[in-house]
Amino acid sequence: MNGNTIRLTAAQAMMRWLSVQMTEEGERFIEGCWAIFGHGNVAGIGEALHGIGDAFPTWRGQNEQTMAHAAIAYAKTMRRRRAQAVTSSIGPGATNMVTAAALAHVNRLPVLFIPGDVFANRRPDPVLQQIEDFDDGTVSANDCFRPVSRYFDRISRPEHLLTALPRALRVMTDPANCGPVTLAFCQDVQAEAFDYPESFFAPKTWRIRRPEPDPVELIEAVRLIAAAKRPVIVAGGGVLYSGAEAELAGFAERHGIPVVETQAGKSALSWEHELNFGSPGVTGSACANELAARADLVIGVGTRFQDFTTGSWTVFAEPGRKLLSINLAGYDAQKHGATPVVGDARVALQRIGAELGDKRFDWHDPAARRDWHEAVRHVTAAPAEGNALPSDAQVIGAVQRVARGNTVAMCAAGTMPGALQVLWQAAPGGYHMEYGYSCMGYEVAGAMGIKLAAPEREVICFVGDGSYMMANSELATAVMRRVPFTVVLTDNRGYGCINRLQIECGGAEFNNMYKDSNVEVQPEIDFVAHAASMGAHAEKASGIADLEAKIVAARVRDIPTVIVIDTDAVPGLDVGGHWWDVAVPQAGGPDRLEQARKRYDANSAKQRIFD
């Protein structure tokens with residue numbers, strides 16, 4: 001130490017600074033760092049993390065992408081109030097994380113990526129794993145992060161941290177601009193010493209703002225709602241991030257407005273609430289889609305109106321239908337010609353509700369909601385005794401029957417996200433779906449991240465055999481760290497979800513199920529043995545009743561439990577649903593494609609972006 005400065009390597013300075021960035025509750029905003037070391041981060045960042053110890057803890061993962069998925073699930077569960085960092089080596093370790101960065105970007109979730117980078121001094125170029133751009137000497141593999149980061153910076157001098165780190169935290173704690181940050185850290189710079197101002201390491205508290213809506217936009221929103229006859233609320237993930245669950249329920253109750261929910265917004269309102277009509281769109285309930293089709297005003301709260309929510313813009317079909325969007329991000333608030341209200345969901349609902357007074361609508365049909373619940377009970381009921389394999393809906397029913405108030409159902413890709421959206425009866429906060437990027441392989445690592453963020457919760461991870469095969473190695477991490485959760489692994493011997501989509505689009509069954517793939521021998525994968533080899537408690541359920549019993553038994557363990565159950569890949573849900581715009585070939589195909597194209601043309605003609 002020299003005067004009012006502290007001499008540290010750049011990597012040491014980064015970790016010391018991150019360790020004192022606090023939330024309003026007095027906790028580290030960046031809880032710690034997931035790390036896989038290699039050349040490019042082992043000597044600089046690795047030694048700095050070792051030196052700081054428990055003041056900024058380090059956790060070892062098995063794969064760069066999946067340890068980042070765990071960090072993302074942690075941030076989502078924490079409602080963006082806390083986050084984690086992830087560091088990797090240069091080259092493939094870094095680019096492994098690009099998919100996770102895209103996932104965080106789509107879902108507006110904070111995570112700090114710190115990939116190792118090339119030598120800033122360029123003396124040993126090209127180093128092992130270095131990408132060389134023949135026309136641009138400043139490019140490295142880490143430039144792949146630019147389009148999937150909300151903020152990107154390359155640390156090529158030690159003093160860059162003085163500005164780069166505060167900018168990074170500003171983005172991660174900004175409610176509108178929130179998302180992943182990438183600080184590509186040149187490996188020689190990590191080890192360089194610099195005299196940092198002592199004041200740079202003073203603890204700092206980051207407060208997440210609640211922006212008030214613009215008064216003019218507020219007046220227009222009130223006018224639109226008051227003039228409507230059949231308004232419907234579409235509740236998105238922004239409701240949860242804002243902590244606006246009570247305001248949503250109170251607003252809907254006071255004004256008699258039915259609520260439908262997106263994948264990200266599901267569980268903001270209990271499934272038992274009389275104004276919760278489920279989800280609209282492609283994997284929505286029949287009653288929600290009926291409401292959406294008749295609504296003359298759609299009030300989006302914290303949603304980006306993804307194509308599944310809107311049925312590729314064929315669900316909200318009422319002529320002259322208006323769109324009002326309450327969102328922190330101006331980009332999202334003005335999509336599809338919506339009238340925007342840019343502001344925090346909780347505050348906006350409070351302000352609009354106060355101006356509406358006792359105005360009520362009460363146009364919904366309670367009988368339609370009861371019919372939906374009865375249909376759910378029917379398709380999720382335990383099958384009659386016999387040799388037939390259970391459906392995905394029956395598996396969901398089994399888990400639902402033994403679920404508790406603290407159960408969180410989670411998933412990301414394949415058949416289960418759509419099935420869970422329409423069938424799972426979520427208690428408040430009891431649903432975690434990564435459906436913005438719908439990334440296969442998120443499930444196991446994501447379940448670990450949820451449990452780390454909410455150890456009091458029972459986490460049930462639904463994953464198909466295809467998604468499990470893509471990324472399962474963080475099971476070993478969860479075993480080592482004693483992070484218990486339950487994996488329900490449905491084995492239908494292929495990519496059943498996409499196989500059904502292939503058929504619906506007029507395609508031949510090809511390259512999705514193992515039976516339709518170019519293989520010499522049909523695989524016989526022992527998922528129980530595989531999971532057990534990583535230390536998990538693994539069993540195969542003989543049927544639905546056995547699955548229920550095994551889920552209950554898993555609750556006493558301090559390690560992950562994997563329960564494998566064979567399922568039938570063929571049946572759909574036969575509950576709800578809507579058209580999805582997946583382009584069908586216009587020419588050159590057999591009759592099945594021509595018929596599918598006619599259906600496609602008829603549905604696409606119904607698409608209405610805005611009026």
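Nothing here was measured: the structure is a model prediction, and the numbers come from that model.

K.L.:
Can you help me understand the pairing of strand β21 (residues 561–566) in this one?
P.N.:
The side chains of a regular strand alternate between the sheet's two faces. A large share of β21 lies buried, amounting to 5 of its 6 residues. Where strand β19 (residues 486–491) lies against β21, 6 bridges are found, and the strand directions are parallel. Within β21, the position partnered with L489 by the bridge is V564. The pairing of strand β20 (residues 537–540) with β21 spans 4 bridges and is parallel. Residue K540 lies in a different strand from β21, and its bridge partner there is V564. Crossover handedness for the path β20 to helix α23 (residues 544–553) to β21: right-handed.

K.L.:
Can you help me understand helix α18 (residues 442–453) in this one?
P.N.:
Count 3.6 residues to each turn of an α-helix, and residues three or four apart come out pointing the same way. Here α18 spans 16 Å end to end across 12 residues, near enough to the 16 Å set by a 1.5 Å rise per residue. Judged by how many residues are buried, α18 sits mostly within the fold: 11 of 12 residues are covered. By the burial criterion, the buried members of α18 are Y442, E443, V444, A445, G446, A447, M448, G449, I450, K451 and A453.

K.L.:
I tried to follow the sheet that holds strand β4 (residues 58–60) on my own but got confused; where do I start?
P.N.:
Ordered in space as β4-β3-β5-β6-β8-β7, the 6 strands form an open sheet in which the pairing is parallel. Across the chains shown, the open sheet's two edge strands, defined by having one partner strand only, are β4 and β7 (151–155). Strand after strand, the sheet turns through a mean of 20° between neighbouring axes, direction not considered. Examined bridge by bridge, strand β6 (residues 112–117) and strand β8 (residues 181–186) share 4 bridges and lie parallel to one another. By the bridge assignment, D117 is partnered in β8 with C186. The strands touched by helix α1 (residues 10–18) are β3 (30–35), β6 and β8; relative to β8, the strand with the most contacts, the crossing angle is about 155°.

K.L.:
Explain the pairing of β8 here, please?
P.N.:
For β8, the tally of buried residues reaches 6 of 6 residues, placing the bulk of the element in the interior. Taking every second residue as pointing to the same face, both faces of β8 are buried, with V181, L183 and F185 on one and T182, A184 and C186 on the other. Pairing of β7 with β8 involves 5 bridges; the strand directions are parallel. Paired with I155 across the strands is F185, a residue of β8.

K.L.:
Hey, could you run me through the environment of A375 in this one?
P.N.:
For A375, the location among the structural elements is in helix α15 (residues 366–380). A relative accessible area of 29% means that A375 is categorised as partly exposed. Between the C-alpha atoms of A375 and T407, which are 32 residues apart in sequence, the distance is 23 Å.

K.L.:
Would you take a moment to explain the packing of helix α3 (residues 64–77) against helix α5 (residues 98–106) for this structure?
P.N.:
Any two packed helices are characterised by the angle at which their axes cross and by the distance between the axes. Two elements in contact, α3 and α5, have axes separated by 8 Å at closest approach and are oriented at 20°. It follows that α3 is roughly parallel to α5 by the angle criterion. At the point where α3 passes α5, the crossing takes the right-handed sense. Contacts between α3 and α5 involve Q65, A68, H69 and I72 from the former and T99, A100, L103 and A104 from the latter. Residues that form the contact of α3 with α5 fall into these classes: 5 nonpolar, 3 polar and no charged.

K.L.:
Even after reading the chapter, I still don't get helix α10 (residues 245–255), so can you show me in this structure?
P.N.:
Those residues of α10 that fall on the buried side of the exposure criterion are L248, A249, F251, A252 and H255. The arc that holds the buried residues of α10, viewed along the axis, is 165°, so those residues lie on one side. Positive backbone phi, at 65°, marks G256, one or two positions downstream of α10.

K.L.:
Which parts of the structure should I look at to understand the pattern of salt bridges?
P.N.:
Evaluated as defined, the whole model comprises 28 salt bridges. Ionic pairing is found between R351 and E212, a salt bridge with its closest N-O pair at 2.7 Å. Linking R351 in helix α14 (residues 345–356) with E212 in the loop between β10 (204–205) and α8 (215–227), this pair joins segments that are 139 residues apart in sequence. D566 is the partner of K540 in a salt bridge, and the nearest nitrogen-oxygen pair spans 3.0 Å. In this pair, K540 is assigned in strand β20 and D566 in strand β21, connecting sequence segments 26 residues apart.

K.L.:
Sorry, what's going on with unusual backbone geometry here?
P.N.:
Keep in mind that most residues, glycine aside, have a negative phi and that most peptide bonds are trans. For the peptide bond that leads from D125 to P126, omega is -10°, which places it in the cis range. Its place among the elements puts P126 in the loop between β6 and β7. Its identity as a non-glycine residue notwithstanding, R80 has a phi of 70°, on the positive side. Tracing the backbone through its elements, the reader meets R80 in the loop between α3 and β5 (83–88). The backbone of R482 shows a phi angle near 55°, a positive value even though the residue is not glycine. Take R482: its relative accessible area is 46%, and that puts it in the partly exposed class.

K.L.:
Quick question: what am I supposed to make of a nonpolar patch on the surface here?
P.N.:
Taken together, the side chains of M470, Y495 and I498 present a nonpolar region at the surface, about 280 Å² in accessible area. Along the chain, I498 falls in helix α21 (residues 496–504).

K.L.:
Could you clarify how one ought to interpret the packing of aromatic side chains in this entry?
P.N.:
A ring pair, where both rings are aromatic, is described by two values, the distance of the centres and the angle of the planes. Applying the stated criterion to the full structure yields 14 aromatic pairs. Both rings, one in F194 and one in Y196, keep their centres 4.9 Å apart while their planes meet at 70°; by these two values the pair is edge-to-face. Y196 gets classed as buried once you look at its relative accessible area, which sits at 0%. Arranged with centres 6.1 Å apart and planes meeting at 70°, the rings of W424 and F462 form a pair that is edge-to-face. Here W424 is found in the loop between α17 (415–423) and β17 (431–433), whereas its partner F462 is found in strand β18 (residues 458–464), with 38 residues between them in sequence. Classification of F462 as buried rests on a relative accessible area of 0%. Put simply, the rings of W17, F194, Y196, F200 and F201 pair up and form one aromatic cluster. Seen from the ring of W206, K204 lies directly overhead, with NZ or CZ sitting 4.7 Å from the centre.

K.L.:
Can you walk me through the side chain of T77 in this structure?
P.N.:
Looking at where T77 falls in the secondary structure, it is placed in helix α3. A polar contact is formed between the side chain of T77 and the backbone oxygen of A73, at a distance of 2.8 Å. Setting aside chain neighbours within four positions, we find T77 in contact with H432, I450, A453 and A454.

Parameters and conventions
Residues numbered from 1 in each chain as written. Predicted model: local features only at pLDDT ≥ 70, side-chain atom pairs only at ≥ 80, totals over all residues. Heavy atoms only, no water. Buried < 20%, exposed > 50% of the residue type's maximum accessible area, 1.4 Å probe, protein only. Helix = DSSP H or I, 4+ residues; strand = E, 2+ residues; numbered from the N terminus. Pairing = 2+ DSSP bridges. Right-handed = clockwise from strand over helix to strand, strands pointing away. Expected span 1.5 Å × (residues − 1). Axes fitted to C-alpha atoms, helices over the stretch in contact; angles between N-to-C directions. Contact = heavy atoms within 4.5 Å. Parallel < 35°, antiparallel > 145°, perpendicular 65-115°, else oblique. Left-handed = near helix turned anticlockwise from the far one by under 90°. Nonpolar A, V, L, I, M, F, W, Y, C, P; charged D, E, K, R; others polar. Arc of directions from axis to C-beta. Salt bridge = Lys/Arg side-chain N within 4 Å of Asp/Glu carboxyl O. Patch = residues over 30% accessible without salt bridge, like charges linked within 9 Å, V, L, I, M, F, W, Y side chains within 5 Å. Areas by Shrake-Rupley, 256 points an atom, 1.4 Å probe, with all protein chains shown as cover. Phe/Tyr/Trp six-rings, centres within 6.5 Å; stacked < 30°, edge-to-face > 60°. Lys NZ or Arg CZ within 6 Å of the ring centre and 35° of its normal. Polar contact = N/O pair within 3.5 Å; in protein donor to acceptor, adjacent residues only side chain to side chain.

Note that every value here comes from positions in space, so none of it alone points to a role or purpose.
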